[in-house]
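Given next are the chains, with one letter for each unit.
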Amino acid sequence: MDRKKIRLGISSCLLGEPVRYDGLHRKNSYIVDILSRNFEFVSICPEMAIGMGVPRPPIQLVAWGQNDIRAVGVKNRELNVTEALMEFGRVTAGKLNNIRGYILKSGSPSCGKKAKTYTREGKLLGDEAGLFARVLMEILPLLPVEEEKPLDDIFLRKKFLDRVFAYDRLMARVEEGVTIAKLVKFHTENRLLILSRSHDAYDRLEELVANARDQPLAGLMRTYSTEFMNALNYSLVSHEFYPI
């Protein structure tokens, strides 16, 4: 039976589009050959979108000062696309209300959840989120977001996909208009899923729903949505918590 595919945002290079700085791609066969059967992809390359073109000078994250991470040229530090990437992230996040997850290119200074960060002298400091990815996750904090490499792990892949499907169900409730009765029904349908991830989260959500009539509905739904999606960040195996 035909059904509407769930939409996921994705870094364009993972679909085989030759948009990387060197004119190549990073096609991921699992994403293209398997996930595409059940998901529709919204392809985005922030560096192309801000007009950098192909080929282009490579960029990296550099700590310019305290709490000042910039995306600048590897060879030419005067090439600074920090604000352009962040503004594109802000604009794009505002338009992505119909996606249910996002797959990012690992290690990318624009798209990675974790990208190598350097001092101005070129010394490796550690990892920071790519600038587009950082803005995306700040504006859409409940959106399931993962890089492509963790999807090679069956448990991390299942955790991500569980969150995507759960977020899709949650957003469907929000979009049709929330009532206390609908919230109770949603919670009842997802009770075992929550319990399988975290007993503490389950107890908090049970109490929240039990006292639903004592709170303004809008605030109740915001709190419930946050607690619900956070509950699904617990590992399937160890119950270790992974921040969004």
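Residues numbered from 1 in each chain as written. Predicted model: local features only at pLDDT ≥ 70, side-chain atom pairs only at ≥ 80, totals over all residues. Heavy atoms only, no water.

## Points about the environment of lysine 105
- Along the chain, the position of lysine 105 falls in the loop between strand 5 (102–104) and strand 6 (115–118).
- Spatially, the C-alpha atom of lysine 105 lies 7.7 Å from that of cysteine 13, the residues being 92 residues apart in sequence. (Helix = DSSP H or I, 4+ residues; strand = E, 2+ residues; numbered from the N terminus.)

## Quick notes on the packing of aromatic side chains
- Taken as a whole and assessed by the stated rule, the structure comprises six aromatic pairs.
- Judged by centre distance (6.0 Å) and plane angle (15°), the ring pair of tyrosine 224 and phenylalanine 228 falls under stacked. Of this pair, tyrosine 224 and phenylalanine 228 are both found in helix 8 (residues 217–231), four residues apart, which corresponds to roughly one turn of the helix.
- By relative accessible area, which is 0% here, phenylalanine 228 ends up buried. (Phe/Tyr/Trp six-rings, centres within 6.5 Å; stacked < 30°, edge-to-face > 60°. Buried < 20%, exposed > 50% of the residue type's maximum accessible area, 1.4 Å probe, protein only.)

## Focus on the packing of helix 5 (residues 154–176) against helix 6 (residues 180–197)
- For the pair helix 5 and helix 6, the least separation of the axes is 11 Å and the interaxial angle reads 170°. Considering their axes alone, helix 5 and helix 6 lie roughly antiparallel with respect to each other. The residues of helix 6 that touch helix 5, namely those facing Lys159, Asp162, Ala166, Arg169, Leu170, Arg173 and Glu176, are Lys182, Lys185, Phe186, Glu189, Asn190, Leu193 and Arg197.
- Class assignment for the residues of the contact of helix 5 with helix 6 results in four nonpolar, one polar and nine charged. (Axes fitted to C-alpha atoms, helices over the stretch in contact; angles between N-to-C directions. Parallel < 35°, antiparallel > 145°, perpendicular 65-115°, else oblique. Contact = heavy atoms within 4.5 Å. Nonpolar A, V, L, I, M, F, W, Y, C, P; charged D, E, K, R; others polar.)

## Focus on the pattern of salt bridges
- If you walk through the whole model with that rule in mind, you get 16 salt bridges.
- Residues joined in a network through salt bridges with shared partners are Arg173, Glu176, Lys182, Lys185 and Glu189. (Salt bridge = Lys/Arg side-chain N within 4 Å of Asp/Glu carboxyl O.)

## A look at the nonpolar core
- Tyr102, Tyr224 and Phe228 are the most contacted members of the largest nonpolar core, which has 37 residues in total.
- Of all the secondary-structure elements, those providing two or more residues to this core are strand 2 (39–44), strand 5, helix 4 (131–139), helix 5, helix 6, helix 7 (199–210) and helix 8.
- With six residues, helix 8 is the largest single contributor of residues to this core.
- Residues in contact with tyrosine 102, not counting those within four places in the same chain, are Gly9, Ile10, Ser11, Ile44, Leu96, Phe132, Leu136, Leu143, Pro144, Val145, Glu146 and Phe160.
- Core analysis: the next-biggest nonpolar cluster, separate from the first, contains 16 residues, Ile10, Ile31, Leu35 and Leu151 among them. (Core = buried A, V, L, I, M, F, W, Y, C linked by side-chain atoms within 4.5 Å.)

## Description of the pairing of strand 1 (residues 6–11)
- Taken across its six residues, strand 1 has five buried, putting it largely inside the fold.
- Across six bridges, the pairing between strand 1 and strand 2 is parallel. By the bridge assignment for strand 2, isoleucine 6 is matched with phenylalanine 39.
- Sheet topology note: the strand 1/strand 5 ladder contains two bridges and is parallel. Bridge pairing in strand 5 links glycine 9 to tyrosine 102. (Pairing = 2+ DSSP bridges.)

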